[in-house]
Amino acid sequence: MSGSSSLRVDRSADSRVARVFLNRPSVRNAFDDGLIELLTHTAQGLGRDPSIRVVVLAGDGPVFCAGADLNWMKGMAAYGLDENRRDAGALGAMFEAWQLLPKPVVGKVHGAALGGGTGLAAVCDVVVAQEGTLFGTTEVRLGLVPAVISPYVVAKIGQSNARAWFLTGGRYDALEALRCGLVHRVVPAEQLDRAVDEVVAACLEGGPEALAESKVLAMTAASLPSAEVRAVTVESIARRRVSAEGQEGMRAFLERRAPQWGNP
Ligand code: COA
């Protein structure tokens, strides 16, 4: 277990799996500048660490994340526009670091994931939500906009749902988030850990390089220009076939044994 007071990383159950917990339960894991910086560095560090194969993002206390810390954001009015641009830039860098983390990121979401909390769910690859969890982009009700999270949320729920969510500022339960594509499984509270572990176990079966490349394909393939899409995807599978990992995966299947992914 490691981490500061507002974020902790637990690798005790399986050292290949980093379980990252937002840990400011008294403000429902709302993130301020300190937590944003920790989240950014943690995502970047986990991305570089070859011993980590899967990352779980979760929250301590009664809810996953109540979004940006409104006391901190309100306090930013005392600073000029340039300072606010820098500060918002750090927030954007945090979401980008999680979006680009080259490993499966599994969201374990309970209670509420509002505003930036919905943004954090959107940068996870697989989201398992506890029944009754509330999602939503509540920013307009605070006179704000879901700005830096918008690319990630729209990519997950699509323009139609995003327009409804952004403009109503409403709170939608986990089943609605499931319908919209933000969430992948909804389970009762007592099954949350087991459901997350099942997703983690599935991800651990994939080759690490194949997972990283598949993640990029999933995020970019549909928006590649048509002139490039065939070249990019043909190159991708050609390289994977001749890679040591691809060779090992296919050999292991044919030999009816578990593949050895070259764990460091
Ligand atoms: N920023 C700062 N503090 C927050 C916060 C936020 N985003 N969300 C909650 N808190 C604080 C509350 O002010 C309260 O502080 P207090 O104990 O000093 O009064 C504490 O966290 C507990 O909040 P409470 O509303 O009593 O908890 P709850 O468990 O009943 O409800 C939420 C949890 C997340 C549903 C609710 O706090 C909420 O709706 N928060 C705002 C979410 C939001 O709109 N975020 C978008 C930000 S852009």
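Just above, that's the structure.
Rules used in this analysis
Residues numbered from 1 in each chain as written. Predicted model: local features only at pLDDT ≥ 70, side-chain atom pairs only at ≥ 80, totals over all residues. Heavy atoms only, no water. Near = heavy atom within 4 Å. Polar contact = N/O pair within 3.5 Å; in protein donor to acceptor, adjacent residues only side chain to side chain. Areas by Shrake-Rupley, 256 points an atom, 1.4 Å probe, with all protein chains shown as cover. Nonpolar A, V, L, I, M, F, W, Y, C, P; charged D, E, K, R; others polar. Core = buried A, V, L, I, M, F, W, Y, C linked by side-chain atoms within 4.5 Å. Buried < 20%, exposed > 50% of the residue type's maximum accessible area, 1.4 Å probe, protein only. Helix = DSSP H or I, 4+ residues; strand = E, 2+ residues; numbered from the N terminus. Contact = heavy atoms within 4.5 Å. Pairing = 2+ DSSP bridges. Expected span 1.5 Å × (residues − 1). Salt bridge = Lys/Arg side-chain N within 4 Å of Asp/Glu carboxyl O.

A. Local environment of the site of the ligand. For the ligand, the set of nearby residues contains 13 residues, the closest of which are Arg 28, Ala 66, Leu 70, Thr 138 and Arg 171. Within the backbone of Ala 68, a nitrogen or oxygen atom sits 2.9 Å from a nitrogen atom of the ligand. Here Thr 138 contributes a side-chain N or O atom positioned 2.8 Å from an oxygen atom of the ligand. Contact with the protein chains removes 59% of the 880 Å² of surface that the ligand exposes when unbound. Across the shell around the ligand, the residue classes break down as seven nonpolar, two polar and four charged.

B. Fine view of the nonpolar core. Membership of the largest hydrophobic core comes to 49 residues, with the highest contact counts inside it found for Phe 31, Trp 98, Leu 120 and Phe 135. Among the elements that take part in this core, helix α5 (residues 150–168) stands out by supplying six residues, more than any other. Excluding residues that lie within four positions of it along the chain, Trp 98 makes contacts with Val 20, Leu 39, Ala 43, Val 55, Leu 57, Val 105, Val 123 and Lys 215. Grouped together as the second largest cluster of nonpolar side chains are 13 residues, Val 54, Val 106, Val 128 and Val 199 included.

C. Highlighting the sheet that holds strand β6 (residues 112–114). One open sheet accounts for three strands, arranged β6-β8-β9; its pairing is mixed. The sheet is open, and its two borders are formed by β6 and β9 (172–173), each paired with just one other strand. By the bridge criterion, three bridges tie β6 to strand β8 (residues 134–136) in an arrangement that is parallel. Each residue of the ladder has a partner; that of Ala 112, found in β8, is Leu 134.

D. Fine view of helix α3 (residues 81–99). The terminal C-alpha atoms of α3 lie 26 Å apart, and with 19 residues this matches the ideal 27 Å at 1.5 Å per residue to within 8%. For α3, the full list of buried residues reads Asp 87, Leu 91, Met 94, Phe 95, Ala 97, Trp 98 and Gln 99.

E. Examining the pattern of salt bridges more closely. Per the counting criterion, the structure on display carries 20 salt bridges. A salt bridge links Lys 108 to Asp 193, with the nearest nitrogen and oxygen atoms 2.6 Å apart. Of this pair, Lys 108 sits in strand β5 (residues 105–109) while Asp 193 sits in helix α7 (residues 192–204); the two residues are 85 residues apart in sequence, bridging distant segments of the chain. Among the residues examined, Lys 108 registers a relative accessible area of 16% and is labelled buried. In this structure, Arg 257 and Glu 255 form a salt bridge, with 2.8 Å as the shortest nitrogen-oxygen distance.

F. Here's a closer look at the pairing of β5. Burial within β5 is extensive, with five of its five residues counted as buried. Side chains Val 105, Gly 107 and Val 109 of β5 all project onto a buried face; the interleaved residues Val 106 and Lys 108 project onto the opposite face, where all are buried too. Summarising the sheet, strand β4 (residues 54–59) and β5 pair through three bridges and their orientation is parallel. Bridge pairing in β5 links Val 55 to Val 105.

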